[in-house]
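The primary structure of each chain is shown beneath.
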Amino acid sequence: MATFLYKLGRLAFRRRHFVALLWVALLTLAGVGAASAPPAGNSSFSIPGTEAQKAFDLLEQRFPGQSADGATARVVFKAPSGEKMTDAGHKATVEKTVHELSDGSEVASVADPYQGNAVSKDGTIAYASVRYDVSGMELEESTKEALEDAAQQARDAGLTVEIGGDALQAVPETGATEVIGIAVAAVVLVITFGSLVAAGLPLLTALIGVGIGVSTITALASALELGSTTSILAMMIGLAVGIDYALFIVSRYRAELAEGREREEAAGRAVGTAGSAVVFAGLTVVIALVGLAVVNIPMLTKMGVAAAGTVAIAVLIALTMIPALLGYAGRRVKPAGAKSKLLGGGRAAKNQDGRPVKANMGTRWASFVVRRPVAVLLLGVLGLGAAAIPAASLELGLPDDGSQPTSTTQRRAYDLLSEGFGAGFNGPLMVVVDAKGSDAPKDVFTDVSDGIEGLDGVVAVTPPAPNKAGDTATITVIPDSKPSSVQTEDLVHAIRDAGGDIKADTGAETLVTGSTAMNIDVSQKLNDALLPYLVLVVGLAFLLLIVVFRSILVPLKAALGFLLSVMAALGAVVAVFQWGWLSGLMGVEETGPVMSMMPIFMVGVVFGLAMDYEVFLVTRMREAYVHGEKPNQAIVTGFKHGARVVTAAAVIMMAVFAGFIGSSESMVKMIGFGLAIAVFFDAFVVRMAIVPAVLALLGKRAWWLPKWLDRALPNVDVEGEGLRTAGDAGRGSDPDEDRVPART
């Protein structure tokens with residue numbers, strides 16, 4: 001591996017014009033494809049194998065032409081204080097609004113509140129339901145404007161009017177904090193490298209990689225039904241790993257220059273050593289993201305594959321474009337320890353009296369941990385354990401209009417409907433009764449309706465609405481609790497249990513669907529898939545790390561450390577988004593259940609990113625160990641060369657993820673915070689404290705591998721041992737010929 005990458009790095013350095021042209025051409029091609037692609041529609045959300053999805057599919061089959069996936073809007077009216085919606089003037093205003101809404105070319109139907117019993121008992125609130133032929137993301141702007149204009153005219157007549165539903169659904173915005181995250185990354189790179197040119201290379205390559213990845217996703221969005229969230233998450237992860245991977249290679253290149261190597265040779269060695277770590281770190285991230293497919297939720301699978309593709313592009317760019325750009329930069333990229341003239345000129349490697357300079361912070365910290373491993377280990381484990389305590393109170397759900405900011409019309413419409421019709425009105429349950437095999441379908445429909453009315457927690461049940469064939473009917477059930485509550489979930493299960501008895505007696509099947517039931521089924525499916533997913537991803541990555549480190553205990557320690565960091569991160573997410581701690585600082589206007597896919601998504605992404613730091617830091621330690629250093633000294637050497645860069649990489653990744661906290665999409669905001677805090681816990685507590693403490697306690701046993709397994713495993717040479725001979729051929733008579741890469 002190292003020898004192949006060494007040759008690839010030197011080739012890219014020499015053929016820099018071709019490499020740069022190739023990546024620019026790919027970026028241009030992807031950009032043209034994105035610009036010419038049709039606009040993406042609303043991404044389909046299906047959960048195969050669940051009752052809610054089965055009922056939805058049955059509705060499309062038995063009730064054709066009803067635009068089951070079409071956009072909906074609820075125009076909610078509230079009369080001024082002391083007045084009622086049944087007053088003649090207000091009634092005329094509402095009827096005029098309904099008439100105007102009916103004229104739209106994309107409107108399928110509009111329900112008049114006075115004919116559809118959509119006026120609250122106290123008469124102060126009413127609503128008109130609007131259904132469209134196309135999804136919310138496919139609605140034309142003129143249709144949305146007509147909806148808003150009709151509402152504004154009713155407001156001008158003296159009514160309070162708000163609009164709920166997905167008809168006004170907007171593409172999520174990330175906000176200015178994303179730019180701030182990139183700016184923080186730039187500052188950290190300048191401080192780390194002491195050079196504007198060296199700092200600019202990781203940023204430039206990361207932006208090119210993300211540009212190619214996101215443009216490709218945009219170009220394929222319509223054909224593959226990719227939602228806007230997919231590109232945002234790909235951008236988030238692609239930026240973070242793109243900067244980090246390039247950072248490690250540029251840092252190793254500068255270290256090789258400091259050893260006196262020629263620039264082409266230094267580029268080859270940097271790609272051969274740090275590039276090997278990049279390849280395996282990238283593989284762990286890709287495995288974790290692609291592994292999301294085991295959950296069998298198409299939307300989650302698409303998100304994972306798209307993000308994995310962006311990570312793969314980041315790896316390829318780091319291995320090829322970075323050495324090419326280093327060739328263009330020439331002497332403007334200084335050896336390690338030297339600053340550019342703009343930032344203060346050179347820096348002496350020794351003091352004036354000839355003594356070596358003071359050991360760096362990484363060396364001092366590693367020496368401290370090696371001396372007191374038990375205390376550091378206990379402190380780290382107890383600290384993460386305390387942070388993980390809130391995770392015991394984790395409640396899962398999917399966001400609805402009730403989780404929107406109070407400044408949005410969707411949230412205000414949600415609150416008005418709750419005020420006028422009860423908390424459960426915003427999450428009605430749709431019961432689908434399939435009586436095709438029954439002799440008396442009408443009797444079955446009535447029995448189901450009567451049985452549901454007798455259940456606890458039911459406010460209202462609409463009469464059965466059969467299809468034209470008379471073999472299938474829908475029944476709408478209004479709970480007395482809000483959609484995301486435990487009581488509503490219990491009601492769904494109670495209806496399904498009652499349906500089982502009816503099927504046994506009559507052969508008719510009763511299914512519960514609707515957005516609320518769909519959310520409940522998604523949460524259950526994700527919970528059921530979490531353990532198999534964890535076993536798959538951690539198992540594959542464990543095997544990969546055995547090959548990288550040629551050890552059993554090091555990969556085991558890496559996996560256990562990851563579990564600590566991800567549980568602590570989930571605890572922080574619960575504290576902020578569910579309990580409301582620091583919610584104002586994070587821009588969380590409404591607390592509630594944590595997004596259902598958050599645990600499994602964090603497990604996948606955080607595991608991949610955690611292994612990044614494990615590979616980058618511990619390969620330096622193993623490199624020193626296999627080149628003859630004692631175990632404890634190898635730990636110190638690994639930190640001497642890797643701690644500064646890993647710290648910079650973690651700060652950059654945290655800044656990039658935290659930049660997405662400013663998103664208007666609650667899911668993106670939560671993921672951005674969760675990943676940022678997870679990187680903090682994993683990089684600074686697990687990898688910087690717990691890992692060296694455990695390795696110090698294990699000593700030589702950390703690198704033990706059964707002889708039979710050692711013979712069976714392929715030698716991937718991540719440490720660059722083969723470069724001691726490959727480098728000889730590439731350097732001729734350079735006096736630094738016999739220096740070992742690990743001593744940089």
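Refer to the structure above for everything that follows.
Residues numbered from 1 in each chain as written. Predicted model: local features only at pLDDT ≥ 70, side-chain atom pairs only at ≥ 80, totals over all residues. Heavy atoms only, no water.

(A) Region of interest: the overall build of the chain. If you tally the helices and strands in the chain, you get 23 helices and eleven strands. When each of the 744 residues of the chain is scored for burial, the buried share is 54%. By sequence separation, contacts in the chain at least 24 residues apart represent 80% of the contacts at least 6 residues apart. Accessible surface, the chain: about 30800 Å² in total, of which carbon and sulfur atoms supply 59%. (Helix = DSSP H or I, 4+ residues; strand = E, 2+ residues; numbered from the N terminus. Buried < 20%, exposed > 50% of the residue type's maximum accessible area, 1.4 Å probe, protein only. Contact = heavy atoms within 4.5 Å. Areas by Shrake-Rupley, 256 points an atom, 1.4 Å probe, with all protein chains shown as cover.)

(B) Here's a closer look at the nonpolar core. Within the largest apolar cluster, 165 residues are counted, with the highest numbers of intra-cluster contacts made by Tyr-245 and Phe-657. Here the element with the most residues in this core is helix α21 (residues 666–698); it accounts for 19 residues. Sequence-distant contacts of Phe-657, that is, excluding residues within four places in its chain, are made with Met-236, Ile-237, Ala-240, Leu-609, Gly-672, Leu-675, Ala-676 and Val-679. Counting 25 residues, the second-largest nonpolar core is a separate cluster that includes Val-110, Ala-151, Ile-163 and Ala-167. (Core = buried A, V, L, I, M, F, W, Y, C linked by side-chain atoms within 4.5 Å.)

(C) Layout of the packing of helix α20 (residues 631–658) against α21. Here α20 crosses α21 at 175°, and the two axes come no closer than 9 Å. With respect to α21, the element α20 is oriented roughly antiparallel. Across the interface between the two elements, Asn-632, Ile-635, Phe-639, Ala-643, Val-646, Thr-647, Ala-650, Val-651, Met-653, Met-654, Phe-657 and Ala-658 of α20 pack against Gly-672, Leu-675, Ala-676, Val-679, Phe-680, Ala-683, Phe-684, Arg-687, Met-688, Pro-692, Leu-695 and Ala-696 of α21. Within the contact of α20 with α21, the residues separate by chemical class into 20 nonpolar, three polar and one charged. (Axes fitted to C-alpha atoms, helices over the stretch in contact; angles between N-to-C directions. Parallel < 35°, antiparallel > 145°, perpendicular 65-115°, else oblique. Nonpolar A, V, L, I, M, F, W, Y, C, P; charged D, E, K, R; others polar.)

(D) Representation of a nonpolar patch on the surface within the structure. On the surface, a cluster of nonpolar side chains totalling about 410 Å² of accessible area is made up of Phe-18, Leu-22, Leu-26 and Leu-29. Along the chain, Leu-29 turns up in helix α2 (residues 16–36). Residue classification places Leu-29 among the exposed positions, given a relative accessible area of 61%. (Patch = residues over 30% accessible without salt bridge, like charges linked within 9 Å, V, L, I, M, F, W, Y side chains within 5 Å. Salt bridge = Lys/Arg side-chain N within 4 Å of Asp/Glu carboxyl O.)

(E) The arrangement of helix α19 (residues 598–626) in detail. Between its first and last C-alpha, α19 extends 40 Å over 29 residues, near the 42 Å set by a 1.5 Å rise per residue. Judged by how many residues are buried, α19 sits mostly within the fold: 27 of 29 residues are covered. Just beyond α19, the residue with positive phi is Gly-628, at close to 115°. (Expected span 1.5 Å × (residues − 1).)

(F) The side chain of Thr-284, seen in detail. Of note, Thr-284 is situated in helix α9 (residues 263–290). Discounting chain neighbours no more than four positions away, the residues touching Thr-284 are Ala-541, Leu-544, Gly-608, Met-611 and Asp-612.

(G) Seen up close, the sheet that holds strand β3 (residues 125–132). With respect to topology, four strands assemble into an open sheet ordered β2-β3-β1-β4, the strand pairing being antiparallel. Looking along the sheet, the strands with just one partner apiece sit at the ends: β2 (107–111) and β4 (160–165). Sheet twist, expressed as the mean angle between neighbouring strand axes with direction ignored, is 20°. Direction of pairing for strand β1 (residues 72–78) relative to β3: antiparallel, over a ladder of seven bridges. (Pairing = 2+ DSSP bridges.)

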